[in-house]
Amino acid sequence: FRSVRTPGMDGHIHVIWKDMVLTMDGPEAWAQILLEAGISDEAEVLDTVRQRDDLTFALFEGTCKVLAMPMDDALRAFGRHFVSFTLRSGNGAFL
């Protein structure tokens, strides 16, 4: 996978997604998700540039498979985690 090097915040979604997975199931699950998504370089997926949609979907789908969680449930959990993460990191203005 290659990131698209244009300005944007979209890459922050991957950072917050990783935080959610680590909170829910730990680093081993995150490592499995990266493998499932075909991502060999974690640094690239955590780069906070605008990321391609197929990379984001690969992470989401990998998470659902590894955590045995339906996509709807994963996205709802992410929504809750996103709000919590944003408030904890002092970025409540984004909400």
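Here the structure is a predicted model, which is why all the values come from computation and not from measurement.

For any two helices packed against each other, one specifies the inter-axial angle together with the distance between the axes. Viewed as axis vectors pointing N to C, helix 2 (residues 27-36) and helix 4 (residues 53-66) meet at an angle of 125 degrees, and their least axial separation amounts to 8 Å. One element, helix 2, and the other, helix 4, form an angle in the oblique class. The hand of the helix 2/helix 4 crossing is right-handed. Seen from helix 2, the contacting residues are Ala 29, Trp 30, Gln 32, Ile 33, Leu 34 and Glu 36; seen from helix 4, they are Leu 59, Gly 62, Thr 63, Lys 65 and Val 66. Residue composition of the contact of helix 2 with helix 4, by class: 6 nonpolar, 3 polar and 2 charged.

A few words now on the packing of aromatic side chains. Inspection of every chain in the model, using the stated rule, returns 4 aromatic pairs. The interplanar angle of 25 degrees and the centroid separation of 3.9 Å between the aromatic rings of Trp 17 and Phe 60 together place this pair among those described as stacked. Placement of the pair is Trp 17 in helix 1 (residues 12-25) and Phe 60 in helix 4, with a sequence separation of 43 residues. Overall, Phe 60 belongs to the buried group, its relative accessible area being 9%. With 6.0 Å between their ring centres and 55 degrees between their planes, Phe 78 and Phe 82 make a pair best called tilted. Remark: Phe 82 and Phe 78 occur in helix 5 (residues 71-88); sequence separation between them is 4 residues, near one turn of the helix. In this structure Phe 78 comes out as buried when scored by relative accessible area, which is 10%. Accessibility expressed as a relative area gives 24% for Phe 82, which makes it partly exposed.

Right, let's talk about the nonpolar core for a bit. In terms of nonpolar packing, the biggest core is built from 22 residues, with Trp 17, Val 21, Trp 30, Ile 39 and Leu 59 touching the most fellow members. Counting only elements with at least two residues in this core, the list comes to helix 1, helix 2, helix 4 and helix 5. In terms of residue count, the dominant contributor to this core is helix 4 (5 residues). In contact with Trp 17, other than residues within four places in its own chain, are Trp 30, Leu 59, Phe 60, Thr 63, Ala 74, Leu 75 and Phe 78.

Packing of helix 1 against helix 4 brings their axes to within 11 Å, and their N-to-C directions diverge by 10 degrees. Overall, the two elements helix 1 and helix 4 adopt an arrangement that is roughly parallel. Across the interface between the two elements, Ile 13, His 14, Trp 17 and Val 21 from helix 1 touch Leu 55, Thr 56, Leu 59, Phe 60 and Thr 63 from helix 4. Tallied by class, residues from the contact of helix 1 with helix 4 come to 6 nonpolar, 3 polar and no charged.

What counts, and where the lines are drawn
Note that residues are indexed from 1 along each chain, following the sequence as it is written. At least 70 in pLDDT is required for a residue's local features to be given in this predicted model, at least 80 for side-chain atom pairs to be given and counted, and no such filter applies to totals for whole chains, interfaces and linings, which use all residues. Note that the side-chain values use all heavy atoms of the structure and ignore hydrogens as well as water. Only C-alpha atoms enter the line fits that serve as axes; for helices the fit covers just the stretch in contact. Angles between N-to-C directions range over 0 to 180 degrees. Strands here mean DSSP runs of E at least two residues long; helices mean DSSP runs of H or I at least four residues long; both are numbered from the N terminus. Each angle receives one of four descriptions, namely roughly parallel if under 35 degrees, roughly antiparallel if over 145, roughly perpendicular if within 65 to 115, and oblique otherwise. Crossing handedness follows the turn of the near helix against the far one: under a right angle anticlockwise gives a left-handed crossing, and clockwise gives a right-handed one. Any two residues having at least one pair of non-hydrogen atoms within 4.5 Å are treated as being in contact. Residues are sorted three ways: Asp, Glu, Lys and Arg are charged, Ala, Val, Leu, Ile, Met, Phe, Trp, Tyr, Cys and Pro are nonpolar, and all the rest, Gly among them, are polar. Ring pairs shown here join Phe, Tyr and Trp side chains whose ring centres sit within 6.5 Å, with only the six-membered ring taken for Trp; geometry is labelled stacked below 30 degrees between planes, edge-to-face above 60, and tilted in between. Relative accessible area decides the class of each residue, using a 1.4 Å probe on protein chains only: under 20% of the type maximum gives buried, over 50% gives exposed, and in between gives partly exposed. Residues grouped as a nonpolar core are buried Ala, Val, Leu, Ile, Met, Phe, Trp, Tyr and Cys residues, joined through side-chain atoms within 4.5 Å.

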